[in-house]
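# An overview of the molecular structure
Read off the chains here:
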Amino acid sequence: MNLAFLRVVSLIFAALAMGMHLAHALELFPKLKWGPELYLAVQSTLYRLFGIIGPVLEVGALVLVVLLAVKLGSGHPARKLTLGSAAAIALALGVWAAVVLPANGQLAIWQASGVTPSDWTRWRDQWQFGQAFIFLLHLGGFTALATAMLKPGRDA
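First things first, this report covers the structure right here in the doc. (Residues numbered from 1 in each chain as written. Predicted model: local features only at pLDDT ≥ 70, side-chain atom pairs only at ≥ 80, totals over all residues. Heavy atoms only, no water.)

### A closer look at the packing of aromatic side chains
- Under the definition given, this model contains three aromatic pairs.
- Residues Y39 and W120 carry aromatic rings whose centres are separated by 5.9 Å and whose planes lie at 50 degrees to one another, so their mutual orientation is tilted. Here Y39, found in helix α2 (residues 36-45), pairs with W120, found in helix α5 (residues 120-149); they are 81 residues apart in sequence, far enough to count as distant.
- Residue class for W120 comes out buried when judged on its relative accessible area of 11%.
- For the pair Y47 and F50, a centre-to-centre distance of 5.1 Å together with 85 degrees between the ring planes defines the contact as edge-to-face.
- On the accessibility criterion, Y47 (9% relative accessible area) is buried.
- Judged by relative accessible area, which is 28%, F50 ranks as partly exposed.
- By the ring-pair criterion, three or more aromatic residues cluster together here, those being Y47, F50 and W127.
- Over the face of the ring belonging to W123 we find R122, whose NZ or CZ atom lies 4.0 Å from the ring centre. (Phe/Tyr/Trp six-rings, centres within 6.5 Å; stacked < 30°, edge-to-face > 60°. Helix = DSSP H or I, 4+ residues; strand = E, 2+ residues; numbered from the N terminus. Buried < 20%, exposed > 50% of the residue type's maximum accessible area, 1.4 Å probe, protein only. Lys NZ or Arg CZ within 6 Å of the ring centre and 35° of its normal.)

Spelled out as structure tokens, the structure:
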């Protein structure tokens with residue numbers, strides 16, 4: 001695969017993955033004011049495509065950035081930043097699995113049962129703040145990747 005093409009595709013996937021979490025971060029404070037009925041209605045309808053497209057973008061970004069780091073080789077000036085980007089994206093996926101996924105499970109239970117537990121705000125906050133933190137991780141990863149693109153190298 002051509003290095004320039006791999007760089008562009010990696011950057012696009014990283015940007016799109018970050019963009020999903022930016023959307024969630026921008027919604028954070030308004031959604032903290034919603035009652036449980038509106039919150040559950042939005043969570044269970046608005047984000048269906050996120051669940052389909054999100055994994056493709058998230059895993060795709062990670063795979064492409066790792067491939068880019070491998071293709072750059074150990075002596076390339078951009079490799080460390082590219083590996084840093086991959087680490088941030090991987091950490092974001094780990095935070096999603098540890099923080100957001102359990103909250104998604106609780107939301108699915110409420111939707112199926114029609115019963116919202118008294119501690120629903122705990123799960124809402126876990127989901128919302130988890131997504132905001134994931135955005136920050138993606139922003140760091142994207143910044144590292146974009147900065148790596150500016151490094152002169154053997155491929156210029």
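So that's the structure; there's more coming.
### Concerning the nonpolar core
- Core analysis: the largest hydrophobic core is formed by 17 residues, its most contacted members being V65, L68, L72, I89 and L145.
- The set of elements that each furnish at least two residues to this core consists of α1 (3-31), α3 (48-72), α4 (79-113) and α5.
- Judged by nonpolar contacts, the second largest core, of 15 residues, contains Y39, L40, V42 and L137. (Core = buried A, V, L, I, M, F, W, Y, C linked by side-chain atoms within 4.5 Å.)

### A closer look at the packing of α4 against α5
- It is at 8 Å that the axes of α4 and α5 come closest, and there the two elements cross at 165 degrees. The angle between α4 and α5 falls in the class roughly antiparallel. In terms of crossing hand, the pair formed by α4 and α5 is left-handed.
- Looking at the contact of α4 with α5 residue by residue, the classes come out as 23 nonpolar, ten polar and no charged. (Axes fitted to C-alpha atoms, helices over the stretch in contact; angles between N-to-C directions. Parallel < 35°, antiparallel > 145°, perpendicular 65-115°, else oblique. Left-handed = near helix turned anticlockwise from the far one by under 90°. Nonpolar A, V, L, I, M, F, W, Y, C, P; charged D, E, K, R; others polar.)

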